[in-house]
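Now for the letters of each chain:
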Amino acid sequence: MRALMLIAPLLVFVLLSFVIPIASMLFRSVENGIVSETLPLTVEALDGWDADGDQLPDEAIYEAFVRDMVVAIEAKKHTRLGSRLNYEETGMSSMFRKSGRALKKLNPDTDGPFKDQLIDIHDGFGELQTWRVIKTHSVEVTNGYFLNAIDMQRTHEGAVSQPEDKQILVKLFIRTMFMSLIITGSCILLAYPISYLLATLPMRVSNLLMILVLLPFWTSLLVRTSAWKVMLQQQGVINDTLVWLGLVSDSARLIIINNQIGTIIAMTHILLPFMILPMYSVMQTIPVTYTRAAKSMGATNWTTFWRIYFPQSIPGIGAGSILVFILSIGYYITPEIVGGTKGVFISNRIAYHISSSLNWGLAAALGTILLGVVLILYWAYDKIVGIDNVKLG
Amino acid sequence: MKLKNTLLMAAACVTAAGGAMAEEMTIVSWGGAYSKSQLKAYHEPYSAKSGVTILNDDSSAEAVAKLRAMNEAGNVTWDVVDVVASDAIRLCDEGLALEIDADTQLAAAPDGTSASEDFGDLLVSDCFIPQIVYSTTFGYRTDMVGDTPPTDICAVFDLDAYPGKRALEKRPINNVEWALLCDGVAKDDVYDVLETEEGQNRALAKLDTIKDSVVWWSAGADTPQLLADGEIVMGSTYNGRLFSVIEEQKQPVAMLWDAQVFDLDGWIIPAGLSEERQKRALDYIMFATDTQRLADQAKYISYGPARASSAPLVGQHAELGIEMAPHMPTDPNNAQNTFLYNYEFWADYRDDIDAKFQAWLAK
Amino acid sequence: MTDLSNDAAFVEFQRVQKSYDGEILVVKDLNLSMPKGEFLTMLGPSGSGKTTCLMMLAGFETATHGEIMLDGQPINNIPPHKRGIGMVFQNYALFPHMTVAENLSFPLEVRKIGKSDREAKVKRALDMVQMGDFGNRRPAQLSGGQQQRIALARALVFEPELVLMDEPLGALDKQLREHMQFEITRLAHELGITTVYVTHDQTEALTMSDRVAVFDDGRIQQLAPPDQLYEEPENSFVAQFIGENNTLEGTVKSINGNTCIVTLDDGSEIDAMPVNVSRPGERTTVSIRPERVEFNKDRLHSDAHTLKAQVKEFIYMGDVFRFRMSVAGNDDFIVKTRNAPDAVRLKPGEEIEIGWLTQDCRALDA
Ligand SMILES: Nc1ncnc2c1ncn2[C@@H]1O[C@H](COP(=O)(O)OP(=O)(O)O)[C@@H](O)[C@H]1O
Ligand SMILES: [Mg+2]
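Residues numbered from 1 in each chain as written. Chains lettered and ligands numbered in written order. Predicted model: local features only at pLDDT ≥ 70, side-chain atom pairs only at ≥ 80, totals over all residues. Heavy atoms only, no water.

### Looking at the overall build of chain C
(1) Moving on: A tally of regular secondary structure across chain C gives eight helices and 19 strands.
(2) Moving on: Overall size of chain C, expressed as C-alpha extent along the three principal axes, is 75 × 45 × 35 Å.
(3) Moving on: Buried positions account for 49% of the 366 residues belonging to chain C.
(4) Moving on: Put simply, 66% of the contacts in chain C that link residues at least 6 apart link residues at least 24 apart.
(5) Moving on: For chain C, the distance from the average site of its 39 positive side-chain charges to the average site of its 54 negative ones is 5 Å. (Helix = DSSP H or I, 4+ residues; strand = E, 2+ residues; numbered from the N terminus. Buried < 20%, exposed > 50% of the residue type's maximum accessible area, 1.4 Å probe, protein only. Contact = heavy atoms within 4.5 Å. Lys, Arg positive; Asp, Glu negative; His and termini not counted. Charge placed at Lys NZ, Arg CZ, Asp CG, Glu CD.)

Written out as C-alpha cells, the structure is:
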C-alpha cells in the first residue's frame with residue numbers, strides 16, 4: 001500500500017501523458033458516432049434501402065432526413081457532419097452547409113413531401129452516391145479510417161482501393177521505414193567511432209568531446225534544421241566550398257537539399273546524440289583488460305576489435321538503433337523543412353491531417369499503424385537479437 | 001462514449017488551472033511583423049482605452065486543431081483568434097467559432113454605412129470578421145531575369161525565358177489555379193474545370209512541366225529567404241513578406257502582381273467562452289475592426305484594410321516613411337489582373353485534391 | 001641483490017622509468033633481471049607501481065626511460081601481440097560472449113593453428129586445471145574459482161615462455177586462494193614457465209616465489225628469496241612490510257664489526273646487528289621479530305643487554321602465545337612463544353626482562 005502511494009505521482013503522470021493519449025488515439029481511429037448521432041432517423045430508415053440498387057431512397061427516408069437536419073441545424077451540427085462526410089466524398093461539405101439555410105425553413109410536419117424539394121435545394125440529394133456514403137458511414141465503429149490509411153476506402157461494395165492517383169500513404173509508410181533504416185545506419189557508422197573515442201580517450205579530452213556531442217541538444221530543433229538549410233542549399237556553404245575548391249563546377253552545384261539526401265543528412269545529425277549516448281555508455285563498461293588479454297594472446301588490433309570489442313559493444317548499437325529508428329519514423333519537422341517532396345515522412349501526413357484537414361480519425365489510424373509497426377519491429381528485434389542485449393549503460 | 005467523457009474530464013482538470021483571469025485576454029495571431037502591426041494598431045490603443053491586459057499567443061498556424069482540442073476538453077483559453085478565411089469557414093462549420101452579426105456587433109463606418117455593407121463580399125463566413133486583404137503572389141530576382149522582367153504569371157511556367165528554380169507552396173491551393181490559367185483556361189472557368197477529374201489532371205500535368213525546377217515551400221518566410229540567397233529566380237509568397245524583402249532589406253527583388261490571389265485574414269471568437277469573456281472579446285472586435293484601426297494597421301505592414309471606408313485613410317509606413325498605398329495588393333495598379341480564392345470550392349475539394357497533389361509530388 | 005650474470009637473464013629491466021603524466025615518476029630507476037624458469041613475485045602496497053611494471057613488460061605501456069629486454073632482445077618496439085607473453089588478470093578478463101572452449105581456442109586461432117590441433121590443446125589445458133567438463137559453459141555460468149582456472153588455462157594454452165599474473169587470486173576467498181596458490185606454482189614449475197606474479201599479499205608472495213621483489217614508491221626495496229627477505233630485511237620498510245615486526249627508535253652508540261650498541265630514546269641500551277648504519281651518532285630503527293624475543297634469561301648470552309617489559313595483554317592463539325608488552329616506551333611490542341610444555345603464561349601487569357640474540361635485532365635506517 002505504501003509502495004503504491006510512493007509511485008502514485010509517477011503512475012498518474014504515466015497515465016495522463018502516455019496511457020490516456022494512446023488509448024484516445026486507438027479510440028479515435030475507429031470511432032464514428034457522428035453520423036448516427038446527427039441523423040438517427042435517417043440511418044434507421046436507410047436500413048431498409050438497398051444501396052447496391054439503382055433506386056433513390058423513397059420519400060420516408062427524405063422525410064426522416066429533413067427531421068434530423070432541422071434538429072441538427074438548430075444545434076449547428078449539420079456542417080460538422082458535412083466536414084466528416086467530405087473526407088469520404090468530395091462536395092458533401094458545401095452541400096450540407098449550403099442546404100442548411102434552406103432546410104432550416106422547412107417544417108417536417110407540414111411541408112412534405114420532401115424528395116423533390118430536397119433535390120431542388122441541392123442536386124446532391126438526387127444522387128445515389130450521397131445516400132450510399134451516408135449509409136456506408138453510419139456505423140458507430142468503423143474500419144474506414146484504417147482503410148483510408150492504407151490507400152483503400154470503405155464503400156457500399158466493401159473495401160476497395162483508392163484511385164491510383166490518390167494513393168500516397170502506403171508509399172509514405174514504406175519510404176518512412178526505408179529512410180529511417182538508412183538514417184539509423186548512418187547514425188551507427190558515424191556514432192561508433194565517436195563513441196569509441198569518448199570511451200577510450202583520457203577523461204579531460206573526452207569530456208570536451210562529450211560537450212560537443214551534447215551541444216546540439218542545447219539549440220532548438222528548428223534552428224538546427226534551418227542551419228542545415230543554409231549549409232545544404234545550392235548557394236549554400238557546402239556547395240560554395242566545393243565550388244571554391246574546384247571540386248564541382250559552378251553550373252553543376254550539388255542538389256543535396258529538398259530531397260532524400262537532405263532529410264538523411266539533417267536527421268542523421270539531429271539524431272546522432274541518441275545513438276552516441278547509449279553506445280558510449282555501453283563501451284565505457286567494456287574493461288580495457290579484455291582487449292589487453294586478447295592482444296597478449298597474440299591477436300592483432302583488428303582481430304581484437306572485431307572478435308572481442310565489437311561483440312561486446314553490440315548492446316549499445318542495439319539500444320541506439322531502436323531509439324534512433326523510433327524517433328526517426330516519428331519525425332516531421334525536419335523532413336518538412338529539408339525534405340522537399342521526396343524526403344517527407346508519413347508523420348508529415350499525420351501532421352497535415354491533424355492541423356489542416358482536421359481528419360483526426362485518419363491521423364489516429366495512421367498513428368496506430370505506426371505504433372503497431374514499432375511494436376512489431378521491437379518484437380522482431382527481441383526474437384533476433386534478444387532484448388536483454390539492449391543496454392543503455 | 002464513457003471513455004471519451006473520462007478522457008475529456010481528465011484533460012479539463014489538467015488545463016483548468018490555466019484559465020483566463022479577469023481583465024486579461026489572450027489574442028492569438030501569427031507572430032512576427034504581422035503581430036507587431038496588430039500590437040501597434042489595435043492592442044496598445046485598446047489596452048489604453050479599456051485597461052484590459054492583452055496576452056499574445058503566436059499559434060495561428062495551428063489554430064484550428066488547437067481550438068478543436070480545447071473545445072473537446074471543454075476549456076477554451078483563447079479569447080480572440082486571427083485566422084485565414086478558409087480556416088474561419090472550417091471553424092464555423094465545426095461549430096468552434098461564434099457567429100457574428102456584422103450590423104449589430106461591428107462598428108459602422110464613420111459616414112454611417114453599415115458594417116455589412118462596408119465589408120461587403122469579404123464577409124465570407126458568419127463567424128469571420130475580416131481584417132486585411134492579402135495576396136499570394138510572385139516575387140522575382142531582378143538580377144536573374146535579364147532585360148525582360150516577367151509581367152505575366154505564365155512566366156512561372158516558362159523555363160526557356162526564365163530558367164532557374166522557382167518556389168511554390170507545398171499544397172495545391174493557388175498552384176492548380178495558376179497552372180490552369182497558363183494552360184489556357186479562362187479565369188471564370190477555372191473552378192468549373194477543377195471540379196472535374198480531367199481538370200485536376202490537367203492542372204497537375206501543367207505543373208509537371210516545371211516540377212523539376214520547383215522548390216516547394218511550407219513556411220511563408222521560405223520564399224523571401226530563398227530569393228535573398230539567390231537560390232531561386234522567382235517564388236510565390238504573401239505580398240507583405242515580399243514588401244519587407246524589397247523595401248526593408250533592399251534586396252534585388254521585384255513584385256509580379258499578375259494573377260495575384262486575394263485572400264482574407266481576420267478574427268474569430270471561439271465558441272464556448274463564458275459570458276463575461278465573450279462580451280470582452282466582442283468589445284475588442286468592435287474596436288479593432290473599425291475604419292480607423294484597420295487603416296492604421298497598414299502603417300506597419302503592406303496588407304490592404306478589409307473595409308472599403310479604410311482605403312482612403314491609408315498613409316505612410318510608420319518607420320520607412322514611404323507611401324503605403326502603392327504597395328497594397330488592392331492598389332489599382334497592382335490589381336489589374338487578380339484572382340479571388342474560392343472558399344466554397346476549397347472547403348469541398350481541399351482533401352481530395354491535396355491527396356492527389358501529394359501523390360503527384362511523391363511520384 | 002642476487003648476482004645473476006646478464007647472459008642468463010631471460011627478462012631484464014634496465015634503469016626503467018615510467019611517468020604517466022610527464023611529471024610524477026611512478027616507476028623510478030627499476031633494475032631487475034630474471035633467469036628462465038624463475039617464479040618472481042612483485043610485492044608491494046597498492047599504488048607502488050607493480051601493475052605499471054607488468055604492463056610495460058606486456059607492452060601496454062611504454063617505458064619513459066630505460067630498456068626492457070626479453071631473451072636478450074630489446075622489446076620496446078615490439079607490439080604486445082607479438083611478444084608471446086601469457087597474461088592472467090585480476091578480473092580474469094574472460095570474454096563474456098564466448099564459451100570457455102572458445103576463450104581457450106582464441107589464442108590458438110589467432111596463431112592459425114589447425115582445428116584438430118586446437119581442440120586437442122584446449123582439452124589438454126582444461127584437463128590441466130581440472131575443468132575438462134566445462135568447455136561449453138559461458139564464463140558467467142562459472143564460479144570465481146572456476147573462472148580463475150579458466151583464465152590460467154587460457155594464459156597457458158598457447159605455451160608461452162613467460163606468464164604475467166596481476167593479482168590473479170585477489171577476488172577469491174582464503175581457502176580457495178591457498179589452493180590456487182599451490183596449483184599455480186605446481187603448474188609453473190611443471191611446465192618450466194618463467195612467471196612474474198604481482199600481489200600485495202605477503203603470505204602469497206612468500207609461499208609461492210623463488211624470489212620476491214618488494215616494491216614501494218616506484219622502487220624495488222629488496223629483491224631476495226623469501227627466507228632472506230623475512231630474516232634479513234635490508235631496510236625498515238621491508239622489515240615492516242614483511243611479517244610481524246617490532247621497532248624501537250634510537251641512536252647508534254658504537255659499532256664493533258657485526259655488533260653495535262644502540263641507545264634507545266628512553267636511555268636504555270641494546271645490542272643489534274648494524275645493517276643500515278655505518279657510524280656512531282646515526283639515528284636508527286631497530287627491528288626484532290616477535291618470535292625472536294626471549295624472556296627466559298637462561299637462553300640469553302650472559303652479558304647481553306636486557307630491557308624491562310610490562311605485560312599488557314595475553315592472547316591465546318592455540319599453537320602460539322602472543323603477548324603485547326610495553327617496552328622502552330613502545331606499547332605495541334609483540335612477543336610470541338610457541339605453546340610448548342614448558343611455556344610460561346605471563347599475566348597482564350607482570351614485569352619481566354626481555355632480550356635477544358644480537359643477530360636477530362637489526363639496526364636499520366631511521
Ligand atoms: N593509466 C594511468 N594513468 C595515470 N596514472 C596511473 C595510471 N595507471 C596507474 N597510475 C598511477 O601510477 C601509480 C602506480 O600504479 P600501479 O602500477 O597500478 O600500482 P599497483 O599495481 O602497485 O597498485 C599509481 O599512483 C597510479 O595512480
Ligand atoms: Mg595493480
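### Describing the packing of helix α4 (residues 59-74) of chain A against helix α6 (residues 92-104) of chain A
Residues and elements named next belong to chain A.
(1) Moving on: At their nearest, the axes of α4 and α6 sit 10 Å apart, and the two run at 95° to each other. Relative to α6, α4 is oriented roughly perpendicular. Residues Phe65, Val66, Met69, Val70 and Ile73 of α4 form the contact with α6, whose own contacting residues are Phe96, Gly100, Leu103 and Lys104. (Axes fitted to C-alpha atoms, helices over the stretch in contact; angles between N-to-C directions. Parallel < 35°, antiparallel > 145°, perpendicular 65-115°, else oblique.)

### Re the interface of chain C and chain A
(1) Moving on: Chain C puts 22 residues into the contact, and the matching count from chain A is 17 residues.
(2) Moving on: In this assembly, chain C packs against chain A so that about 1800 Å² is buried in total across both faces, 67% of it on carbon and sulfur atoms.
(3) Moving on: Contact with chain A buries surface across chain C, with Phe60, His81 and Phe106 of chain C losing the most and accounting together for 30% of the total.
(4) Moving on: Across the contact surface, chain C and chain A share two salt bridges.
(5) Moving on: As a salt-bridge pair, arginine 292 of chain A and glutamate 61 of chain C come within 3.5 Å of each other at their nearest N and O atoms.
(6) Moving on: On inspection of chain C and its partner chain A, the count reaches four residue pairs in polar contact (both at pLDDT 80 or more).
(7) Moving on: Ranked by residue count, the leading element in the side of chain C that touches chain A is helix α2 (residues 100-110) of chain C, at four residues.
(8) Moving on: Grouping the constituent residues of the side of chain C that touches chain A by class yields 15 nonpolar, three polar and four charged. (Buried area = accessible area lost by both parts, 1.4 Å probe. Salt bridge = Lys/Arg side-chain N within 4 Å of Asp/Glu carboxyl O. Polar contact = N/O pair within 3.5 Å; in protein donor to acceptor, adjacent residues only side chain to side chain. Nonpolar A, V, L, I, M, F, W, Y, C, P; charged D, E, K, R; others polar.)

### Regarding the interface of chain B and chain A
(1) Moving on: Contacts between the two partners involve 46 residues from chain B and, on the opposite side, 46 residues from chain A.
(2) Moving on: Of the roughly 4100 Å² buried between chain B and chain A, counting both surfaces, carbon and sulfur atoms make up 48%.
(3) Moving on: Counting across the interface, chain B meets chain A through eight salt bridges.
(4) Moving on: Of the charged contacts in the structure, one is a salt bridge between glutamate 344 of chain B and arginine 97 of chain A, with a shortest N-O distance of 2.9 Å.
(5) Moving on: Inspection of the chain B/chain A interface yields 23 residue pairs in polar contact (both at pLDDT 80 or more).
(6) Moving on: Breaking the side of chain B that touches chain A down by element, the ones donating at least two residues are α1 (2-16), α3 (63-73), α4 (85-93), α9 (197-208), β6 (214-217), α10 (222-229) and α14 (343-362) of chain B.
(7) Moving on: Element by element, the count of residues in the side of chain B that touches chain A is highest for α14 of chain B, at 14 residues.
(8) Moving on: Among the residues forming the side of chain B that touches chain A, the class breakdown is 19 nonpolar, five polar and 22 charged.

### Thoughts on the domain arrangement of chain C
Residue and element names in this part refer to chain C.
(1) Moving on: Looking at chain C, the domain boundaries give domain 1 (6-236) and domain 2 (244-364).
(2) Moving on: In this structure, domain 1 and domain 2 have C-alpha centres spaced 39 Å apart.
(3) Moving on: Taken together, the eight residues of domain 1 in the interface contact seven residues of domain 2.
(4) Moving on: Of the roughly 700 Å² buried between domain 1 and domain 2 on both sides combined, carbon and sulfur atoms contribute 44%.
(5) Moving on: The largest per-residue losses of area from domain 1 upon contact with domain 2 belong to Tyr230, Pro233 and Ser236, which jointly make up 62% of the total buried on that side.
(6) Moving on: Remark: the boundary between domain 1 and domain 2 carries zero salt bridges.
(7) Moving on: Counting across the interface, domain 1 meets domain 2 through five residue pairs in polar contact (both at pLDDT 80 or more). (Domains from an automatic or database assignment.)

### Observations regarding the arrangement of the chains
(1) Moving on: When the two pairs of chains in contact are ranked by number of contacts, first place goes to chains A and B.
(2) Moving on: Spatially, chain B and chain C are disjoint, and the shortest separation between their C-alpha atoms is 46 Å.

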